[in-house]
Amino acid sequence: MRDPIMQKLIATSGKDRLQTRGEPFQTLARSIVGQQISVKAADSIWKRFLLVCPASSPEEIMTASAEMLSAAGLSRRKVEYLKDLAFHFVERKIQADQWPDMPDEEIIADLTQVRGIGRWTAEMFLIFNLMRPNVLPLDDVGLLKGISMSYFSGKDIGKKDVQEIAGKWEPWCTVATWYLWRSLTPLPVEY
């Protein structure tokens, strides 16, 4: 093992492993619903959203009224984002069927065409849906905090520090990121 700190994190992490979050559209829709709110609030809104759109399919979201979606607890902006996501899937404006064979950066470029999906959301999709092994989400607060706590005794760090440490993890940056998240929170986050 090239990184004794990571080796220790892996050894103390328990039996849980990174698992896929299922169907691509639902993964992205759930990610939009959960943006900038707590996990608990996101779960609550997602449950109410499923009462409006039980299949949570692109077609359902396209036909649901903005008022119905807002009544589930979604902000006007998130309703717009979900509708845009649904539009991109229905009209095949993105290449979802080709994602399994596309390079990570091409998928990120494809996904970020959708309003409400930025690089971070696309990276979380690569990690939790496509299970890509070498994603390093440099703007992820949890990753930065995990590295700070595990490698720098809690001191502030920059992206250059992250990239230097992550060089030891190639080609398994996703795995290392997941273990760093787990070092901060024992329960995995759902996307």
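Residues numbered from 1 in each chain as written. Predicted model: local features only at pLDDT ≥ 70, side-chain atom pairs only at ≥ 80, totals over all residues. Heavy atoms only, no water.

**Thoughts on the environment of Cys 173**
So, step 1. Of note, Cys 173 is situated in helix α11 (residues 173-184).
So, step 2. The sequence separation of Cys 173 and Pro 133 amounts to 40 residues, and the corresponding C-alpha distance is 6.5 Å.
So, step 3. Not counting residues up to four positions away in its chain, the partners in contact with Cys 173 are Pro 133, Asn 134, Val 135, Leu 136 and Ala 166. (Helix = DSSP H or I, 4+ residues; strand = E, 2+ residues; numbered from the N terminus. Contact = heavy atoms within 4.5 Å.)

**Remarks on the packing of aromatic side chains**
The geometry of an aromatic ring pair is captured by two quantities: the separation of the ring centres and the angle between the planes.
So, step 1. Counted according to the given criterion, the structure contains seven aromatic pairs.
So, step 2. Summarising the aromatic geometry, the rings of Phe 25 and Phe 89 are spaced 5.0 Å apart at their centres and angled 80° between planes, so their arrangement reads as edge-to-face. With Phe 25 in helix α2 (residues 24-33) and Phe 89 in helix α6 (residues 76-90), this pair connects stretches of sequence that are 64 residues apart. Just as Phe 25 is buried, Phe 89 falls in that class too.
So, step 3. Ring geometry for Tyr 151 and Trp 169: centres 6.2 Å apart, planes at 55°, overall tilted. Of this pair, Tyr 151 sits in helix α9 (residues 141-151) while Trp 169 sits in the loop between α10 (159-166) and α11; the two residues are 18 residues apart in sequence, bridging distant segments of the chain.
So, step 4. You can call Tyr 151 buried: its relative accessible area is 13%.
So, step 5. Members of the aromatic cluster, joined through ring pairs, are Phe 25, Phe 89, Trp 99 and Phe 125. (Phe/Tyr/Trp six-rings, centres within 6.5 Å; stacked < 30°, edge-to-face > 60°. Buried < 20%, exposed > 50% of the residue type's maximum accessible area, 1.4 Å probe, protein only.)

No statement about biological role is implied by the geometric values presented.
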